[in-house]
Amino acid sequence: MGHDCSFLSALDVSSSFDSDARDRHSADFGTEAIGERSTPDAVVRPKTTAEVATILEAATDHGVPVTPYAAGTSLEGNPVPTEGGISMNMMAMDDVLAIRPDDLQIDVQPGVIGSRINEVAAEHGCYFPPMPAANDIATIGGMIANDASGMTTVQYGEVHDWILELEVVLADGTVLTAGSKASKTSSGYNLKSLFVGSEGTLGVITRATLELTTEPTQKRGGRAIFPSLELASTAVTAAVQAGIDVATLELIDSLSAEIANAHVGAGLADNPMVFFECHGVAGKHAIEQLKTIFEENQANSISLASEDERMSELWAARRELAVAMQVYDPTLRPLHPGDVTVPISHYPDIIADAKSLGEKYELLVPCFGHAGDGNVHYTVFVDPDDERMVERGEALYREIVEHAIEYGGTATGEHGIGIGKRPFLRTEHEAEGVETMRRLKRALDPTNTLNPGKIFPDD
């Protein structure tokens with residue numbers, strides 16, 4: 001694209017035009033897996049909010065796009081600089097600025113890795129619950145930008161539920177604070193929530209105040225194995241509808257279990273299964289309630305983690321599934337990262353749809369995900385050199401998303417729109433919703449400096 005970024009040399013900021021550095025910022029986990037790249041013209045690494053403001057003001061003046069980048073763990077190409085320009089790597093802003101355990105709050109910069117937040121919080125008997133599975137490699141800035149969520153969403157909610165205040169730099173260099181450190185506010189427009197999930201298209205987050213909670217005194221968990229995927233998904237729906245106080249409900253189909261076994265030697269049964277976890281002193285009662293529902297849905301077996309078994313070991317196979325999918329079969333690759341969410345009553349329906357469409361198009365479609373909140377991750381395997389197979393895969397992928405939206409759900413539960421989900425934005429939000437989003441984008445970023453080519457469909 002050839003944007004002239006020579007003006008960076010006059011700024012007192014860390015910048016690079018090195019080809020290796022630029023190549024490292026040309027893809028994220030999702031786009032790299034399918035061989036799609038877009039190389040920036042320069043990479044900058046700001047260390048302060050003032051430097052972020054200086055870079056953005058200068059880039060806007062010179063008509064150069066800026067795409068925020070962090071750990072590159074996203075799956076929808078959210079931080080990929082599709083129109084070149086500047087890739088703004090936020091990893092140097094990685095300080096935990098303050099923790100206030102009496103208020104159950106922590107202030108962090110965007111480059112802090114998620115697991116680091118909980119390490120610091122744990123020193124004070126606290127933790128930040130809504131971490132995604134990749135919290136040991138993903139940054140909090142990326143989590144906020146994509147409004148991420150994880151395995152405990154069914155009890156604790158998404159990342160946006162735990163954000164109190166943000167410091168944000170707009171495209172013209174304006175620095176603003178959105179939200180407050182109070183536990184609630186009805187003061188003016190909810191600007192904080194406007195930036196959460198905006199994928200770096202409206203502003204660059206430079207500080208976040210997060211709400212914490214106390215570390216659960218007890219955690220109990222295990223897994224239930226079912227004779228069919230229909231019974232497993234129905235059991236999940238019944239558990240949620242019964243109002244059981246469960247922290248985690250994760251579904252893994254038999255194909256996903258096979259893939260996990262091949263990658264990490266997990267030794268999982270070749271059956272659909274549900275992983276579960278309950279927190280706190282009421283967890284024992286919740287486990288008994290879950291067991292009753294699972295037995296009513298013909299679970300073959302229900303096993304609990306022993307007292308000395310670490311929960312991280314129990315969940316190891318589930319956490320590795322995203323990587324395992326990439327290396328499962330050298331002749332096949334995942335087409336797109338499926339990430340739909342539906343109302344819980346339709347969870348068995350969307351699982352059944354995915355499997356029946358796999359049979360219709362004669363393609364492998366493993367399903368797994370955060371079943372307790374209606375979220376299913378699915379992968380469509382194709383041979384990238386087989387054009388007709390890729391076409392079938394695209395049709396299958398599209399139909400699952402369309403079914404989810406028809407059920408009153410969403411095209412993306414936690415990965416964001418990025419590049420891949422743009423064709424579905426109007427289907428989900430209709431023309432009026434999309435145009436309202438465009439008006440907000442034009443109001444805050446009239447020059448389209450920030451992360452162009454994302455979210456909005458090409459029309």
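Before reading on, note that the structure itself is shown above.
Parameters at a glance
- Going along each chain's sequence as written, the residues are numbered from 1 onward.
- Totals for whole chains, interfaces and linings use all residues, but because this is a predicted model, local features are given only for residues with pLDDT of at least 70 and pairs of side-chain atoms are given and counted only at 80 or more.
- Just so you know, side-chain values use all the structure's heavy atoms and leave hydrogens and water out.
- A run of DSSP states H or I qualifies as a helix once it reaches four residues; a run of E qualifies as a strand once it reaches two. Both are numbered from the N-terminal end.
- By definition here, a helix of n residues has an expected span of 1.5 Å times n minus one.
- To obtain the bend at a residue, axes are fitted to the seven residues ending there and to the seven starting there, and the angle between these axes is taken.
- Here's how the labels work: a residue is buried when its accessible area is under 20% of the maximum for its type, exposed when over 50%, partly exposed in between, all with a 1.4 Å probe on protein chains only.
- The criterion for strand pairing is that DSSP finds at least two bridges linking the strands in question.
- Lines are fitted to the C-alpha atoms to define the axes, a helix being fitted only along its stretch in contact, and any angle between axes, read from their N-to-C directions, falls within 0 to 180 degrees.
- Pairs of residues are marked as contacts when any of their non-hydrogen atoms sit within 4.5 Å.
- A cavity here means a set of 1 Å grid points, computed over protein atoms only, where a 1.4 Å probe fits but cannot escape. A pocket is an open set with protein on both sides within 12 Å along at least 5 of 7 lines, and lining residues have an atom within 4 Å of a point.
- Grid points are joined across faces, edges and corners, and a volume is the space filled by probe spheres set on the points.
- Note on residue classes: Ala, Val, Leu, Ile, Met, Phe, Trp, Tyr, Cys and Pro are nonpolar, Asp, Glu, Lys and Arg are charged, and everything else, Gly too, is polar.

Student: Which parts of the structure should I look at to understand helix 16 (residues 425-444)?
Tutor: Helical periodicity: at 3.6 residues per turn, an α-helix aligns residues three or four positions apart in one direction. For helix 16, with 20 residues, the first-to-last C-alpha span of 20 Å runs short of the 28 Å given by 1.5 Å per residue. Along helix 16, the sharpest change in direction is near 90 degrees and occurs at A431. Of the positions making up helix 16, those classed as buried are L425, V434, R438 and K441.

Student: What should I look at first to understand the sheet that holds strand 5 (residues 96-100) in this one?
Tutor: The strand order 5-6-10-8-9 describes an open sheet built from five strands, whose pairing is antiparallel. Of all strands in the sheet, those with a lone pairing partner are strand 5 and strand 9 (175-179), marking the two edges. This sheet shows a mean twist of 15 degrees between the axes of neighbouring strands, independent of strand direction. Bridge count between strand 6 (residues 105-108) and strand 10 (residues 204-211): four bridges; the pairing is antiparallel. Across the sheet, Q105 pairs through a bridge with E211, a residue of strand 10. Across the face of the sheet, helix 3 (residues 49-61) comes into contact with strand 8 (163-169), strand 9 and strand 10 while running at roughly 45 degrees to strand 8. Set on the sheet, helix 4 (residues 114-122) makes contact with strand 5, strand 6 and strand 10; between it and strand 5 the angle comes to about 40 degrees.

Student: Would you explain the layout of surface pockets in this entry?
Tutor: Over the atoms rolls a probe the size of a water molecule, and its path tells where empty space is left. A volume near 630 Å³ is recorded for the second largest pocket. Taken together, 28 residues form the lining of the second largest pocket, with V196, G197, S198, M437 and I455 sitting closest to its centre. Looking at the lining of the second largest pocket residue by residue, the class counts come to nine nonpolar, 13 polar and six charged.

Student: Which parts of the structure should I look at to understand the sheet that holds strand 4 (residues 86-89)?
Tutor: What holds strands together in a sheet is hydrogen bonding between their backbones, with the strands either parallel or antiparallel. A sheet is described by the order of its strands in space; here four strands give the open sequence 1-2-4-3, paired in mixed fashion. Only two strands of the sheet have a single neighbouring strand rather than two, namely strand 1 (15-16) and strand 3 (66-69). Bridge count for strand 1 against strand 2 (residues 42-44) is two bridges, and the pairing is antiparallel. In the sheet register, S15 faces strand 2, and the bridge partner there is V44. Across the sheet, helix 3 lies against strand 2, strand 3 and strand 4, angled at about 170 degrees from strand 4, the strand it touches most.

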